[in-house]
Amino acid sequence: MTAQPVEASPDAPLASPAAAAGGLTRSGAARIDAIDRLRGLVIVLMVLDHVRDYFHSSALTADPLAMESGDPALFMTRWVTHLCAPTFVFLSGVSIWLQRANGKSRGDLGRFLLTRGLWLIFLELTVIQYAFNFGGGVVLLVIWAIGASMIAMAGLIWLPRAVLLGLGVALVAGYQLLAPIDPPDVGVLAPLWSAMFEFGPGLGGLVLYPFAPWLGVMLLGYGLGPVFQRPDGERNRMILMLTVGMLVLFAVARGINQYGDPQPWSVQAGPLWTALSFINVSKYPPSLDYVLVTLGVSLSFLPLLGRLGGAAGGVLLTFGRTPLFAYVLHILLAHTLALVVGSLTGVPPSAFFNMLGDPSRAIAAGWGFDLAGVYVAWLAVLAMLYPMSRWFEGVKRRRRDWWLGYL
């Protein structure tokens, strides 16, 4: 099936995009398989990142991106998972645009974004917090940032798309300029400022994902949403031009080494580590260089993923069509598997409770495996996760209950 161009007005129904037996969205529009597969690839990489957290011998004691680690395989295992959060957030913005283009009114969409955003924050503070740590303090991660950004989008979607694209560019490109401002400088707005812009303590916990720069990434997805409505060939050409532009901008900004990332690169002992220093960009919070290189790399996969078939394509589609379900479940699986394997090897179960908040017991017990062991555990978690996601994909395909839109 070949996609047809869409009416310029976002109030017009979405013309059928390319979807090789791709199924339908909840609104009845054809799904875009390339987007689902990219989202599925993000889930697969995210599983790797969190399995490494629970299984690698140095995950609790050392930064895998440290130049002094001396392990390029470990560095790249961590670096490739940098693609996850920005891609996930960007595609959330694309999805919001596509809902508008499919005919959902701004009022209906705004109410959905508000309630789903609140739901995601609730999940972050309850189920996800417990899954990650089996106890311990509050850490605000990517699901919180997506939820808070959706709440903001509930109001912002009343503005023209071009304005929101410009705001997204401004937030991503200009975020570094706000670094000199401290929360006390804004008086009574200090808690809100911390939640939006500050990495560190805030809102009664630890804010790893201040949501303003992530809102910028979501706005980029929303603003560029019409690109994903184009016919296959045209969409792929536009995506490739976009990704080349992002990567060129990254290379120029990073090469100048003055603005774009608070962590400058430097010449290392050898060319490999110099190259790794060049791509070692800041995620907490996401810098301009980080957004450019991660989205530039991940979106470049879209043309290939649109044509990916066979078992690999099917697995990615399943994960990509059940992203929140797979996200929550994989954390529980990875953490529980670590507890089971640790208990069988003599590590006390208590070492796996509040493990990330207080890793001292796991460290004292000598818990952890080398990188090969991490990859084995990663495959094991994926093997357990896939049939569960496949089942839930079937539930979502067969039923149209309103609550399924929140999962």
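The structure contained in this document is the topic of the report that follows. (Residues numbered from 1 in each chain as written. Predicted model: local features only at pLDDT ≥ 70, side-chain atom pairs only at ≥ 80, totals over all residues. Heavy atoms only, no water.)

## Structural notes on the overall build of the protein chain
Right, so step 1: Scanning the protein chain from N- to C-terminus turns up 16 helices and three strands.
Right, so step 2: On C-alpha atoms alone, the protein chain measures out to a radius of gyration of 21 Å, which is about the 22 Å that the 2.2 N^0.38 rule sets for 407 residues.
Right, so step 3: Considering only C-alpha atoms, the protein chain reaches an extent of 60 × 50 × 45 Å along its principal axes.
Right, so step 4: Here the protein chain, with 407 residues, has 54% of them falling under the buried criterion.
Right, so step 5: Considering only residue pairs separated by 6 or more positions, the protein chain has 74% of its internal contacts joining residues 24 or more positions apart. (Helix = DSSP H or I, 4+ residues; strand = E, 2+ residues; numbered from the N terminus. Rg over C-alpha atoms; globule rule 2.2 N^0.38 Å. Buried < 20%, exposed > 50% of the residue type's maximum accessible area, 1.4 Å probe, protein only. Contact = heavy atoms within 4.5 Å.)

## Describing the packing of helix H1 (residues 33-55) against helix H2 (residues 72-80)
Right, so step 1: For the pair H1 and H2, interaxial distance at closest approach is 8 Å and the crossing angle is 125°. Classified by the interaxial angle, the pair formed by H1 and H2 is oblique. Along this stretch, H1 crosses H2, giving a crossing that reads as left-handed. Here Leu45, Leu48, Asp49 and Arg52 of H1 lie close against H2, whose contacting residues are Leu74, Thr77, Arg78 and Val80.
Right, so step 2: Taken together, the residues of the contact of H1 with H2 sort by class into four nonpolar, one polar and three charged. (Axes fitted to C-alpha atoms, helices over the stretch in contact; angles between N-to-C directions. Parallel < 35°, antiparallel > 145°, perpendicular 65-115°, else oblique. Left-handed = near helix turned anticlockwise from the far one by under 90°. Nonpolar A, V, L, I, M, F, W, Y, C, P; charged D, E, K, R; others polar.)

## Notes on helix H14 (residues 323-344)
Right, so step 1: Here H14 spans 31 Å end to end across 22 residues, near enough to the 32 Å set by a 1.5 Å rise per residue.
Right, so step 2: Gly346 sits one or two residues past H14 and shows a positive phi near 95°. (Expected span 1.5 Å × (residues − 1).)

## Here's the deal with a nonpolar patch on the surface
Right, so step 1: Residues Val244, Val248, Val252 and Ile256 make up a contiguous nonpolar surface patch of about 360 Å² in total accessible area.
Right, so step 2: Structurally, Ile256 is set in helix H9 (residues 232-256). (Patch = residues over 30% accessible without salt bridge, like charges linked within 9 Å, V, L, I, M, F, W, Y side chains within 5 Å. Areas by Shrake-Rupley, 256 points an atom, 1.4 Å probe, with all protein chains shown as cover. Salt bridge = Lys/Arg side-chain N within 4 Å of Asp/Glu carboxyl O.)

## Quick word on the packing of H1 against helix H16 (residues 371-398)
Right, so step 1: Closest axis-to-axis distance for the H1/H16 pair is 9 Å, and the angle between their directions is 125°. On the basis of the axis angle, H1 is oblique to H16. Here the hand of the crossing between H1 and H16 comes out right-handed. Touching Ile43, Val44, Val47, Leu48, Val51, Arg52 and Phe55 of H1 are Val374, Tyr375, Ala377, Trp378, Val381, Leu382 and Leu385, all from H16.
Right, so step 2: Within the contact of H1 with H16, the residues separate by chemical class into 13 nonpolar, no polar and one charged.

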